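So the chains spell out like this:
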Amino acid sequence: MLLELSETLGQALQARGWQLALAESCTGGMVAQSVTAIAGSSGWFDRGFVTYSNAAKNEMLGVPNALIDEFGAVSEPVAEAMALGALQHSQAQLSAAITGIAGPGGGSPHKPVGTVCFAWAYRANDDAPEAIVVETRYFEGDRADIREQAASYLLAGLLKIAASR
């Protein structure tokens, strides 16, 4: 499923002349791997950031430490900052970010295992992003299941934006 979504996304991005940047945490580069498995993806994939640690989110994407301290790394504000940071640190017109708790540990009553926060941002030109979408979803299963479901959901969100603009 990831490869099919990636291929369709690539076609939509090429049709618009857009580049993609990704900021991944809980998926650890899984989305970037599925994108780069597509022949010709260098024509539409600019770069990916695997920012698993809070320090990496701050250093590579400019996510403020105060934001992480206030809301936690798994939060919509942090996902939004990650997506914006990916745009700001790339040549891309479209970006997406993912941060979550894949388990089996790390969950809490407020943020159980399977909690994943997403953000998508795009810009039609070199100006500031025109739109940012953030969302939290809850997935079930083991670590591998949660990560794959989250990666698929991120790609589906990217495709929805790329196909509608």
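Overview of the structure.

About the criteria used
Think of each chain on its own: its residues are numbered from 1, step by step along the sequence as written. Per-residue local features of the predicted model are confined to residues with pLDDT of at least 70, and side-chain atom pairs are confined, for both listing and counting, to 80 or more; whole-chain, interface and lining totals are unaffected and use all residues. Values shown for side chains rest on all heavy atoms present in the structure; no hydrogens or waters enter the calculation. Strand pairing is defined by DSSP finding a minimum of two bridges between the two strands. Each helix corresponds to a stretch of at least 4 residues labelled H or I by DSSP, and each strand to a stretch of at least 2 residues labelled E; elements are numbered beginning at the N terminus. Orientation is described by axes fitted as lines to C-alpha atoms, over the contacting stretch for helices, and by angles from 0 to 180 degrees between their N-to-C directions. Residue contacts follow a heavy-atom distance rule, with two residues in contact if any of their heavy atoms lie within 4.5 Å. Under the convention used throughout, the expected extent of a helix is 1.5 Å for every residue step, that is, one less than its residue count. Using a 1.4 Å probe on the protein chains alone, a residue whose accessible area is under 20% of its type maximum counts as buried, one over 50% counts as exposed, and one in between counts as partly exposed.

What follows is about the sheet that holds strand S2 (residues 45-50). What the five strands build is an open sheet, ordered S2-S1-S3-S4-S5; its pairing is mixed. Pairing within the sheet leaves two strands with one partner each, and these edge strands are S2 and strand S5 (131-138). Neighbouring strand axes in the sheet, compared pairwise and without regard to direction, differ in orientation by 10° on average. In the sheet, strand S1 (residues 20-24) pairs with strand S3 (residues 94-100) via five bridges, with the strands oriented parallel. Paired with Glu24 across the two strands is Ile98, which belongs to S3. Along the sheet, helix H5 (residues 76-88) contacts S1, S2, S3, strand S4 (115-122) and S5; its crossing angle with S3, the most-contacted strand, is approximately 145°. Along the sheet, helix H6 (residues 143-164) contacts S1, S3, S4 and S5; its crossing angle with S4, the most-contacted strand, is approximately 20°.

With 15 residues, helix H1 (residues 2-16) should reach 21 Å at 1.5 Å per residue; the first-to-last C-alpha distance of 21 Å fits that figure. What H1 keeps buried is the set Leu2, Leu5, Ser6, Leu9, Gly10, Ala12 and Leu13. In the segment just after H1, Gly17 is the residue with positive phi, at about 70°.

To continue, consider unusual backbone geometry. Following Gly103, the chain continues to Pro104 via a peptide bond in cis, the omega torsion being 10°. Turning to its location among the elements, Pro104 is positioned in the loop between S3 and S4.

Structural measurements only, silent on function.
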